[in-house]
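In case you want the letters, here they are:
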Amino acid sequence: MSIVDPHFIVISEGALSKVDDFLEDYKQPIFVTDDILYAAYREIVEDFMGGEVTWLLVSEYEKGKFSKASGKDIILGFGGGRSIDTAKLLARDTSLDWISVPTAASHDGIASDVASVSHNGYRYSEKCKSPIGVIADLSIIEKAPPKLRLAGIGDIVCKASSLGEWRLAHARNDEPFDQRVYSLVKSALESVLQDERLDTLVRAEIDSGRAMTIFGSSRPCSGTEHAISHAMDRGTTELHGLQVAFAMPFCLHYLEEAGYSDYKAENMRQFLVDHAMPASLDDIGISADQFLDYVNHALDIMNRRNRYSVLQHQGADDTQILKTLKVLKYL
Ligand SMILES: [Zn+2]
């Protein structure tokens, strides 16, 4: 496996208390976080750092106020999705290195080199760079709302369809493939299906992020189930990980038909139900017509990215899609 950042990964209870040790080579850190975490953790972090530190709030960055970063030598992204994404963007803007300090385990971007950016109601990915390190303090992450952890599980279990579709796209459409990267993501998926400990989930998320960095694109971790979720972003406000998990059994159904799935759609649907994750159109608050619309839009997204979709492969039309929705109890 090629050597890529992050080159240090700490996943433990109380890891944050040692943050100072990881910053020995730096004199001027800047912490990026959101308003809520700033209020909750500023004193604790400054205590561990042995004095006041510079903070940049996500809201300040979004207003274009990031002059606070000048003269700094390392960025720490402290928080969930938006704080980590902002740290990535700031690292790209300033060419500084950054360290990921996740406070929730809600998605596989905690150690990836891609930031999710919102524009006109759509979310799209911007290439940044990987963190040089990850400091995951389990005693902080376990205090995050349970729904965030569930979303994190969703973003990992949906690899059941992204991996199958990647194999299909390689075999039938000659898309690039890397067996080592495939195995890395597959192990991450299997680890979370077998054991739901928080450290297992965090490790799986870091490995998925590394896999995308090594491969140079999100393809291993993001297939049609992600495209459907991106289409849904216009109309729903559910967490990313829950949306991709919601769309996964639907995609798996077609992958099973095509002979490219190691997992049964029905079993994965049951996994969602057992974990009280949204598994029906009602759960996620959309109509069948909206779903058909999202699927169409998802196919456009896949097309634009030159990614082969299992729906295209199986030639699924609206009538068949509605039938599948009934079979899998989405309807
Ligand atoms: Zn994802």
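Everything numeric in this text was worked out from a predicted model, so none of it was measured.

Calculation notes
Residues numbered from 1 in each chain as written. Predicted model: local features only at pLDDT ≥ 70, side-chain atom pairs only at ≥ 80, totals over all residues. Heavy atoms only, no water. Core = buried A, V, L, I, M, F, W, Y, C linked by side-chain atoms within 4.5 Å. Buried < 20%, exposed > 50% of the residue type's maximum accessible area, 1.4 Å probe, protein only. Helix = DSSP H or I, 4+ residues; strand = E, 2+ residues; numbered from the N terminus. Domains from an automatic or database assignment. Contact = heavy atoms within 4.5 Å. Donors = N, O, S within 2.8 Å, 3.2 Å for Na, K, Ca; no water. Salt bridge = Lys/Arg side-chain N within 4 Å of Asp/Glu carboxyl O. Buried area = accessible area lost by both parts, 1.4 Å probe. Pairing = 2+ DSSP bridges. Lys, Arg positive; Asp, Glu negative; His and termini not counted. Axes fitted to C-alpha atoms, helices over the stretch in contact; angles between N-to-C directions. Disulfide = S-S within 2.5 Å.

Caption draft 1: Spotlight on the nonpolar core. Core analysis: the largest hydrophobic core is formed by 77 residues, its most contacted members being Ile 228, Phe 250, Phe 291 and Ile 321. Broken down by element, this core gets its largest block of residues, 12 residues, from helix α11 (residues 240-258). Residue assignment places this core across two domains, with domain 1 (8-141) and domain 2 (146-327) each supplying three or more. Not counting chain neighbours up to four residues away, the residues in contact with Ile 321 comprise Phe 250, Tyr 254, Phe 291, Leu 292, Val 295 and Ala 316.

Caption draft 2: The coordination of the zinc ion, seen in detail. Protein coordination at the zinc ion comes from Asp 155 (OD), His 226 (NE2) and His 240 (NE2), with a distance range of 2.1 to 2.2 Å. Read N to C, the donor residues that coordinate the zinc ion are spaced as D-x70-H-x13-H. Taken together, the residues Asp 155 in helix α6 (residues 146-157) and His 240 in helix α11 connect sequence positions 85 residues apart.

Caption draft 3: How the structure looks around the pattern of salt bridges. Evaluation of the coordinates by the stated rule reveals 20 salt bridges. Ionic pairing is found between Asp 108 and Lys 159, a salt bridge with its closest N-O pair at 2.6 Å. Highlighted residues: Asp 108 in the loop between β5 (98-102) and β6 (114-119) and Lys 159 in helix α7 (residues 159-173), separated in sequence by 51 residues. By relative accessible area, Asp 108 is classed as buried at 9%. Its relative accessible area of 0% is what places Lys 159 among the buried residues. Note that Asp 155 is salt-bridged to Lys 159, the shortest N-O span being 3.6 Å.

Caption draft 4: Here's a closer look at the domain arrangement of the chain. When the domains of the chain are assigned, the result is domain 1 (8-141) and domain 2 (146-327). Once you take the C-alpha centre of each, domain 1 and domain 2 turn out to be 27 Å apart. Taken together, the contact pairs 20 residues of domain 1 with 24 residues of domain 2. Both sides together, the interface formed by domain 1 and domain 2 hides about 1800 Å², and carbon and sulfur atoms give 65% of it. Sorting the residues of domain 1 by area buried against domain 2 places Ala 105, Asp 108 and Tyr 122 first, and these three jointly supply 30% of that buried surface.

Caption draft 5: Spatial organisation of the pairing of strand β2 (residues 29-33). Counting buried residues in β2 gives 5 out of 5 residues, a clear majority hidden from the surface. Across the two faces of β2 the burial is the same, with Pro 29, Phe 31 and Thr 33 and Ile 30 and Val 32 all buried. Direction of pairing for β2 relative to strand β4 (residues 74-79): parallel, over a ladder of 4 bridges. Considered in β4, the bridge of Pro 29 is made with Ile 74. In this structure, β2 lies alongside strand β3 (residues 54-57), joined through 4 bridges in parallel fashion.

Caption draft 6: View of the side chain of Glu 205. Positionally, Glu 205 belongs in helix α9 (residues 198-215). With no salt bridge to any partner, buried Glu 205 finds its closest opposite charge in Arg 149, at an N-O distance of 8.6 Å. If near-sequence neighbours (up to four positions away) are discounted, Glu 205 is found in contact with Ala 105, Ser 106, His 107, Asp 108, Ile 110, Gly 152 and Ile 156.

Caption draft 7: A look at the sheet that holds strand β8 (residues 133-137). If you walk across this open sheet you meet the 6 strands as β1-β8-β5-β4-β2-β3, and the pairing is parallel. If you trace the sheet from one side to the other, it starts and ends with β1 (8-12) and β3, each paired once. Taking the axes of each pair of neighbouring strands and ignoring which way they run, one obtains an average angle of 20 degrees across the sheet. The strands that α9 touches are β1 and β8; relative to β1, the one it contacts most, it runs at about 160 degrees.

Caption draft 8: Local environment of the state of the cysteines. Under the definition given, this model contains 0 disulfides. The structure places no disulfide on Cys 128, whose sulfur is separated from the nearest cysteine sulfur, that of Cys 221, by 17 Å. Looking at Cys 128, the relative accessible area reads 12%, which means it is buried. In this model Cys 158 remains outside any disulfide bridge; the closest cysteine sulfur is found in Cys 221, 8.0 Å from its own. Of the residues examined, Cys 158 reaches a relative accessible area of 0% and is grouped as buried.

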